[in-house]
Amino acid sequence: MTQRDYLLGFPIGFSFLALSYLFLAVSAAFPSVSEVARWSDLFSTTYGFAFIAGTYFLRRRGAAGSFSRWLFSLAVVAVLVVILVEVVPPFGALPGYSAAAQVFLVVNLGLLGYIILSLNQALRRSPHEVNFLVQMGFILLAFGQYSFLLWTLDQGFWSFALANLFRLAGLVALLIEAATAVVGVNRR
Amino acid sequence: MPRPPEEQKRPRPRYRPKIFYDILCSIIKQEESAGIARITRVQNEVNLPSDRFRAHLEDMEALGLIGHGEGLTATEKGRDFVSEYEKVAQVLRRFGLD
């Protein structure tokens, strides 16, 4: 492990986000496993954002060799979440999806806020290197999470449609940015 | 009291892949310009103390990134490493992480 091992959090975070899109598609395509897929989507999205936000946090702190500590902390938090979900009455049963989703979505918004803030600072520090489209991608993802939060409250069509639209737009913006960077290097 | 600019922007220490990348870039540049990459010139360019530089060269040779004959040569694997490193570094820069 190098002193930049925390950068591993970045691909891990995006892998979780990719999984969350897969679970979203499964929940829409297969109603029989919709419930499990929606819960998995909830967990993987939060884990994805947590890993990405953690990477920015450790980057800003200039932390050395602390990725394993970060991974351990996330594992502990995951276990605590499962214990809380199971212990809080009614015992042994999952809480209602909407109620749980609201907590997860608020956490996601906090994590995305931190990522956007970190990107804003990086953009100010090196405006020619950091791309605005990246920040735009995360802002769209934040709008998506906010719309989804509204949907858990009103169950309306537009909040649900906008949540998925923003989520996809954010993904497209980030993919375009990553692809442009790689293609740009290949052309040199 | 504000700190002087050089203290505020102290460069971060390079990590191993970055050092490998710098060494390979220097070798490739010298191969293209002078036909041969001399060890002392590469060492001066990458700005490393002799013992650490030699240790890195041994590691790189063991990994098949460079060849060591009359001068230093970048192998095909070494050139691939440079290309892949640039892609990753470019993505990280754009995401504000490098």
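Residues numbered from 1 in each chain as written. Chains lettered and ligands numbered in written order. Predicted model: local features only at pLDDT ≥ 70, side-chain atom pairs only at ≥ 80, totals over all residues.

## So, the overall build of chain A
Here is the rule we go by: By definition, any uninterrupted DSSP run of H or I lasting at least four residues is a helix, any uninterrupted run of E lasting at least two residues is a strand, and each is numbered from the N terminus. To assign burial, the other C-beta atoms lying within 10 Å of each residue's own C-beta are counted, with C-beta atoms placed from the backbone; 20 or more indicates buried, 12 or fewer indicates exposed, and intermediate counts indicate partly exposed. Contacts here follow a simple rule: the backbone-placed C-beta atoms of the two residues must lie within 7 Å.
Looking only at helices and strands, chain A features six helices and zero strands. Along its sequence from the N terminus, chain A presents helices and strands in the succession α-α-α-α-α-α. Taken over 188 residues, chain A has a buried fraction of 32%. Counted over contacts in chain A with a minimum sequence separation of 6, partners at least 24 positions apart contribute 68%.

## Details of the interface of chain B and chain A
The test is simple: Note on residue categories: nonpolar means Ala, Val, Leu, Ile, Met, Phe, Trp, Tyr, Cys or Pro, charged means Asp, Glu, Lys or Arg, and polar means any other residue, Gly included.
Contacts between chain B and chain A engage 13 residues on the former and 22 residues on the latter. In terms of residue count, helix α5 (residues 76–94) of chain B provides more of the side of chain B that touches chain A than any other element does, seven residues in total. The residue inventory of the side of chain B that touches chain A, partitioned by class, reads five nonpolar, two polar and six charged.

## Things to note about α5 of chain B
All names here are of chain B. Where we set the bar: Here the expected span of a helix is defined as 1.5 Å times the quantity of residues minus one.
Compared with the 27 Å implied by 1.5 Å per residue over 19 residues, the 27 Å span of α5 between its first and last C-alpha is a close match. All of the buried residues along α5 are G78, F81, Q90, V91 and R94. One or two steps after α5, the chain reaches G96, where phi turns positive at roughly 70°.

## A short note on the confidence of the model for chain A
Our working definition: Along the chain, pLDDT gives the predictor's confidence residue by residue, from 0 to 100.
Averaged over all residues, the pLDDT of chain A is 81; the fraction at 70 or higher stands at 80%. Here helix α3 (residues 67–87) of chain A stands out as the least confident element of chain A, with mean pLDDT 66; helix α5 (residues 132–154) of chain A is the most confident, with 91.

## Section: the domain arrangement of chain A
Residue and element names in this part refer to chain A. The condition is simple: Where each domain begins and ends follows an automated or database-derived domain assignment.
Its domain assignment divides chain A into domain 1 (1–95) and domain 2 (96–188). With 12 residues of domain 1 in contact, the opposing surface of domain 2 contributes 14 residues. Ranked by residue count, the leading element in the side of domain 1 that touches domain 2 is helix α2 (residues 34–61), at 10 residues. For the side of domain 1 that touches domain 2, a count of residues per class yields eight nonpolar, two polar and two charged.

## Some points on the nonpolar core
Put simply, the rule is: The nonpolar core is taken to be a set of buried Ala, Val, Leu, Ile, Met, Phe, Trp, Tyr and Cys residues joined by way of C-beta atoms within 7 Å.
If you look at the biggest cluster of nonpolar residues, it comprises 35 residues, and the most contacted ones within it are I52, A53, L112, I115, L119 and F138 of chain A. The element that contributes the greatest number of residues to this core is helix α4 (residues 97–125) of chain A, accounting for nine residues. Residues from two domains meet in this core; each of domain 1 (1–95) and domain 2 (96–188) of chain A gives at least three. Within the second largest apolar cluster, 14 residues are counted, among which are Y21, I23, V46 and M60 of chain B.

## Focus on the environment of L97 of chain B
Examined against the element boundaries, L97 of chain B turns out to sit in the segment after α5. The class of L97 of chain B is buried, set by 22 C-beta atoms lying within 10 Å. Separated by 79 residues in the primary sequence, L97 of chain B and K18 of chain B have C-alpha atoms spaced 14 Å apart. Apart from the residues within four sequence positions on either side, L97 of chain B is in contact with L7, F10, T55 and R59 of chain A together with L92 of chain B.

## Side note on the confidence of the model for chain B
Residues and elements named next belong to chain B. Looking at chain B as a whole, its pLDDT mean stands at 84, while 87% of the residues score no less than 70. Taken together, the stretch residues 1–8 has pLDDT below 50 and engages in one contact with residues farther than four places along the chain or on a different chain. Reported confidences for the modelled complex are a pTM of 0.77 and an ipTM of 0.71.

## Here's the deal with the environment of T45 of chain A
All names here are of chain A. Tracing the sequence through the fold places T45 in helix α2. Residue T45 is classed as buried on the basis of its 27 C-beta neighbours within 10 Å. When the C-alpha atoms of T45 and L174 are compared, they prove to be 15 Å apart, with 129 residues separating the residues in sequence.

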